[in-house]
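As a plain string of letters, each chain reads:
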Amino acid sequence: MADKSAIEWTEATWNPTTGCDRISSGCDNCYAMTLAKRLKAMRSAKYQTDGDPRTSGPGFGVALHPDALDIPRRWRDPRTVFVNSMSDLFHARVPLTYVQQVFAVMRETPRHTFQVLTKRAARLAKVAHQIDWPANVWMGVSVEDHAQRERVAQLREVPAAVRFISAEPLLGPLVDLDLDGIDWLIAGGESGQGCRPMEPTWVRDLRDQCVSAGTAFFFKQWGGRTPKLGGRHLDGRTWDEMPAPRLLVQA
C-alpha cells in the first residue's frame, strides 16, 4: 500500500495480494519481481513467500493479505487507486472468493476510483459474471505486442464502467487494434536495466487509432535506463487524456 504513487495515471496503490509469475514477453523485465527480491532481503513481511524460480523469484510468490482489505476504508479523501501494483488479482492462485472480497471493498468505498490491471484476461472473462461490478472500478488488460491482442476481445466481455488497455511496455506495433468498447489506452516504453526500445511510429499509430475511435489516450513515458529519462512528450506535447465512465446497467 502507498498513500501516493509515482505512476502518472494514478494516485495511490493498494496490494491485497502480492506476487506473480511471468506469462508473456511483457513480463521479462518485471519491475515488481525485482522490487520483491529487495523487499524480501529487507525482511518486509508481505514479501517472504518465494515463487517458482522458472517464472517468479524470491519474495514474489503469490500471497494473500486479508489484513490489507480494510485500507481503502480508512482513506477518507477520494483517490484514484491502482489495485495490485505488485501482483495480478486474476492469477490462478488467487481464489475467486478472495477476488470477490476485494471487489466488495471497492463497492463499499465509492468515493475512490479503482484501476485493476491484468494479463490474465482469459480468467477475467471466465469469472466476470460471478463478480458484482461497481461503477467505481476500471478494468484493464496489458497488451504489449501483437501476440496479446486476444486480451482485448476478452476484456470486452467484462461489464466494467471503464475498460482500458495498458500498452506498456510497448514491444511492437499494434496496428488495426479493435478499440470498440475500449474507453482508455495507456502507452509507454520499458525502463530499467536491459530495457527494450520502443519505436516512435508504434506510439503515434496508437495515438492516431485512439483519436479516430474516440478512445482517451495517455502517453506515460518513452522509457530508458530510468523511467523519466526519455520524458513524456509526444510530438511536442503530453497526452494525459482520461476516460469517462459509462453508466452500468444493473441486472
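This is a predicted model, so every value here is computed, not measured. (Residues numbered from 1 in each chain as written. Predicted model: local features only at pLDDT ≥ 70, side-chain atom pairs only at ≥ 80, totals over all residues. Heavy atoms only, no water.)

**Student:** Explanation requested: the overall build of the chain in the structure shown.
**Tutor:** Per the secondary structure count, the chain includes six helices and nine strands. Against the 2.2 N^0.38 benchmark of 18 Å for 251 residues, the chain shows a C-alpha radius of gyration of 17 Å, consistent with a compact globule. Each principal axis of the C-alpha atoms in the chain carries an extent, and together these give about 45 × 45 × 35 Å. Considering the chain as a whole, with its 251 residues, one finds that 53% of them fall into the buried category. Considering only contacts within the chain whose residues lie at least 6 apart along the sequence, 70% involve residues at least 24 apart. A total accessible area of about 11,600 Å² is found for the chain, and carbon and sulfur atoms account for 53% of it. (Helix = DSSP H or I, 4+ residues; strand = E, 2+ residues; numbered from the N terminus. Rg over C-alpha atoms; globule rule 2.2 N^0.38 Å. Buried < 20%, exposed > 50% of the residue type's maximum accessible area, 1.4 Å probe, protein only. Contact = heavy atoms within 4.5 Å. Areas by Shrake-Rupley, 256 points an atom, 1.4 Å probe, with all protein chains shown as cover.)

**Student:** Teacher, can you tell me more about the nonpolar core here?
**Tutor:** For soluble globular proteins, the rule of thumb is that nonpolar side chains tend to be buried together. Of all hydrophobic cores here, the largest spans 53 residues; its most connected members are Trp14, Phe90, Trp133, Leu185 and Phe217. Per-element tally for this core: the top contributor is helix H3 (residues 96-108), with seven residues. In terms of nonpolar packing, the next biggest core, distinct from the first, is built from ten residues, Phe82, Leu117, Ile186 and Phe218 among them. (Core = buried A, V, L, I, M, F, W, Y, C linked by side-chain atoms within 4.5 Å.)

**Student:** Any chance you could explain the environment of Trp184 here in plain terms?
**Tutor:** Among the secondary structure elements, Trp184 is positioned in strand E8 (residues 184-188). The sequence separation of Trp184 and Leu229 amounts to 45 residues, and the corresponding C-alpha distance is 25 Å. Side-chain polar atoms of Trp184 contact the backbone oxygen of Glu241, separated by 2.9 Å. (Polar contact = N/O pair within 3.5 Å; in protein donor to acceptor, adjacent residues only side chain to side chain.)

**Student:** Before we go on, may I ask you to explain the environment of Pro134 in this structure?
**Tutor:** Along the chain, Pro134 falls in the loop between helix H4 (121-127) and strand E6 (137-142). Residue classification places Pro134 among the buried residues on the basis of a relative accessible area of 4%. Between the C-alpha atom of Pro134 and that of Phe114, which follows or precedes it by 20 residues, the distance is 9.8 Å.

**Student:** Looking at this structure, I do not really get the pattern of salt bridges. What am I missing?
**Tutor:** Any two side chains of opposite charge can pair, on the condition that their charged atoms come close. According to the stated counting rule, one finds 17 salt bridges in the structure shown. Of the charged contacts in the structure, one is a salt bridge between Arg107 and Asp132, with a shortest N-O distance of 2.8 Å. In this pair, Arg107 sits in helix H3 while Asp132 sits in the loop between H4 and E6, placing the two residues 25 residues apart along the sequence. On the basis of relative accessible area, Asp132 is assigned to the partly exposed category, the value being 46%. Here Arg196 ties to Glu190 by a salt bridge, and the two come within 2.7 Å at their closest N and O atoms. Residue classification places Arg196 among the partly exposed positions, given a relative accessible area of 24%. Through salt bridges that share partners, Glu8, Glu168, Lys220 and Lys228 make up one connected network. (Salt bridge = Lys/Arg side-chain N within 4 Å of Asp/Glu carboxyl O.)

**Student:** Explain the pairing of strand E5 (residues 113-118) to me, please; I cannot follow it from the model alone.
**Tutor:** A regular strand places its side chains so that they alternate between the two faces of the sheet. Burial within E5 is extensive, with five of its six residues counted as buried. Alignment of strand E4 (residues 80-83) against E5, held across four bridges, turns out to be parallel. Its bridge partner being in E5, Val83 is matched across the sheet by Val116. Taken together, E4, H3 and E5 form a β-α-β motif whose crossover is right-handed. Of the strand pairs in this sheet, E5 and E6 are connected by five bridges, and their pairing is parallel. When the sheet's bridge partners are listed, Phe114 is paired in E6 with Val137. (Pairing = 2+ DSSP bridges. Right-handed = clockwise from strand over helix to strand, strands pointing away.)

**Student:** What should I look at first to understand the packing of aromatic side chains in this one?
**Tutor:** For any pair of aromatic rings, the description consists of the separation of the ring centres together with the inter-plane angle of the planes. Under the criterion given, the structure shown has nine aromatic pairs. Plain terms: the ring middles of Phe219 and Trp222 are 4.9 Å apart, the flat faces sit at 75° to each other, and that makes the pair edge-to-face. Here the aromatic residues Trp9, Phe82, Trp138, Phe164, Trp184 and Phe218 are joined through ring pairs into a cluster of three or more. The ring of Trp239 carries the charged tip of Arg237 above its face, separated from the ring centre by 3.6 Å. (Phe/Tyr/Trp six-rings, centres within 6.5 Å; stacked < 30°, edge-to-face > 60°. Lys NZ or Arg CZ within 6 Å of the ring centre and 35° of its normal.)

**Student:** Which parts of the structure should I look at to understand helix H6 (residues 200-213)?
**Tutor:** Given 3.6 residues per turn, any residue in an α-helix points the same way as the ones three and four places further on. Between its first and last C-alpha atoms H6 spans 20 Å; for 14 residues at 1.5 Å apiece the expected length is 20 Å, and the two agree. By the burial criterion, the buried members of H6 are Trp202, Val203, Leu206, Arg207, Gln209 and Cys210. Buried residues of H6 fall within an arc of 160° about the axis and therefore sit on the same side. Turned more than 90 degrees away from the buried face of H6 sit Thr201, Val211 and Ser212, all of them exposed. Gly214 sits one or two residues past H6 and shows a positive phi near 75°. (Expected span 1.5 Å × (residues − 1). Arc of directions from axis to C-beta.)

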